[in-house]
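Spelled out from the first residue to the last, the chains are:
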Amino acid sequence: MSALFLQSDFILLDGKDEGQVDGAAVPEDGQEEVLMKKRAKLFEFDAANSKWMTKATGDASLLRSYDQTKARVRFMMRRDKTMRICANHWITKDMKLQSIANSDRSWVWRVTADLAEQLPEPKHLGIRFASPEIAMQFKQAFEGAQDDLNTDDKLSQLELLRLERDRISRQITLLEAQIGDGK
């Protein structure tokens, strides 16, 4: 599989379509480059129970997307066996990657709008890698992506959420038209 493939608009699928998985990001026009892809374990903080819950184990990726003249980076992770997306959000300047006191291979950060589920939702995520070296590579790539955001290109999580909503609305309109035509 090539590290460079088509990607910029993401749509959510209701069912499987030619090897795609429910809720997967489907590439359209644009390009996306893999900045980093490493095996990791993802955790999500459960505020109701005040504890970290294991969310998935799989490939964690930082992907640079070229949308018109802007370059943005998103974090995406797929579960090992099912290949379902368990985390999918844009990296923004306001995200703070923090270390965990008793681990040199783990990082935590807060996300305003993670798009892995059908509806965007705020999350407090943590990730653990196999070694401190890989964790440091992730930190450098994550912070490098934040540094690459120009002030003109800086989009807040709310703006990104609005863009995603508009793209999904366009896709729903197209699907409704196809259903109306009997396709």
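All values derive from a computational prediction rather than experimental measurement. (Residues numbered from 1 in each chain as written. Predicted model: local features only at pLDDT ≥ 70, side-chain atom pairs only at ≥ 80, totals over all residues. Heavy atoms only, no water.)

### Notes on the overall build of the chain
Phase 1: Along its length, the chain carries two helices and eight strands.
Phase 2: Secondary structure elements of the chain, listed N to C terminal, follow the sequence β-β-β-β-β-β-β-β-α-α.
Phase 3: A burial count over the chain gives 41% of its 183 residues as buried.
Phase 4: Here the contacts in the chain between residues at least 6 apart in sequence split such that 52% fall between residues at least 24 apart. (Helix = DSSP H or I, 4+ residues; strand = E, 2+ residues; numbered from the N terminus. Buried < 20%, exposed > 50% of the residue type's maximum accessible area, 1.4 Å probe, protein only. Contact = heavy atoms within 4.5 Å.)

### Points about the nonpolar core
Phase 1: Among the nonpolar cores identified, the biggest contains 26 residues, and Phe-75, Trp-109, Ile-127 and Phe-138 are the most heavily contacted of them.
Phase 2: Elements with a minimum of two residues in this core: β2 (31-46), β3 (51-67), β4 (70-79), β5 (85-90), β7 (103-114), β8 (121-129) and α1 (132-148).
Phase 3: For this core, the leading source of residues is α1, giving six residues. (Core = buried A, V, L, I, M, F, W, Y, C linked by side-chain atoms within 4.5 Å.)

### Remarks on the confidence of the model for the chain
Phase 1: In this model, the chain carries an average pLDDT of 78, and 74% of its residues clear a pLDDT of 70 or more.
Phase 2: Ranking the elements of the chain by mean pLDDT puts strand β1 (residues 4-6) last with 30 and β8 first with 93.
Phase 3: Predicted confidence for residues 1-29 stays below pLDDT 50, and this span has 81 contacts to residues more than four positions away or in other chains. (pLDDT = per-residue confidence, 0-100.)

### Quick word on the pattern of salt bridges
Phase 1: Per the counting criterion, the structure on display carries five salt bridges.
Phase 2: The residue Lys-139 makes a salt bridge to Glu-143 at a minimum N-O spacing of 3.9 Å. Residue Lys-139 and its partner Glu-143 are located together in helix α1, separated by four residues, close to a single helical turn.
Phase 3: Using a relative accessible area of 22% as the deciding quantity, one classes Lys-139 as partly exposed.
Phase 4: Residue Asp-166 pairs with Arg-165 through a salt bridge whose shortest N-O separation is 3.6 Å.
Phase 5: Asp-166 gets classed as partly exposed once you look at its relative accessible area, which sits at 34%. (Salt bridge = Lys/Arg side-chain N within 4 Å of Asp/Glu carboxyl O.)

### Focus on the side chain of Ser-106
Phase 1: Its location among the elements puts Ser-106 in strand β7.
Phase 2: Polar contacts involving the side chain of Ser-106 include one to the side chain of Ser-103, which spans 3.0 Å. (Polar contact = N/O pair within 3.5 Å; in protein donor to acceptor, adjacent residues only side chain to side chain.)

### A few points about the environment of Lys-38
Phase 1: As for its position among the elements, Lys-38 is in strand β2.
Phase 2: When the C-alpha atoms of Lys-38 and Ile-134 are compared, they prove to be 7.8 Å apart, with 96 residues separating the residues in sequence.
Phase 3: Sequence-distant contacts of Lys-38, that is, excluding residues within four places in its chain, are made with Gly-58, Asp-59, Ala-60, Phe-129, Ile-134 and Gln-137.

### Re α1
Phase 1: Compared with the 24 Å implied by 1.5 Å per residue over 17 residues, the 24 Å span of α1 between its first and last C-alpha is a close match.
Phase 2: Of all the positions in α1, only Ile-134, Ala-135, Phe-138, Ala-141, Phe-142, Ala-145 and Gln-146 are classed as buried. Buried positions in α1, seen along its axis, are confined to an arc of 140° and lie on one side of it. Residues of α1 that are exposed and angled more than 90 degrees away from the buried face: Glu-133, Gln-140 and Asp-147. (Expected span 1.5 Å × (residues − 1). Arc of directions from axis to C-beta.)

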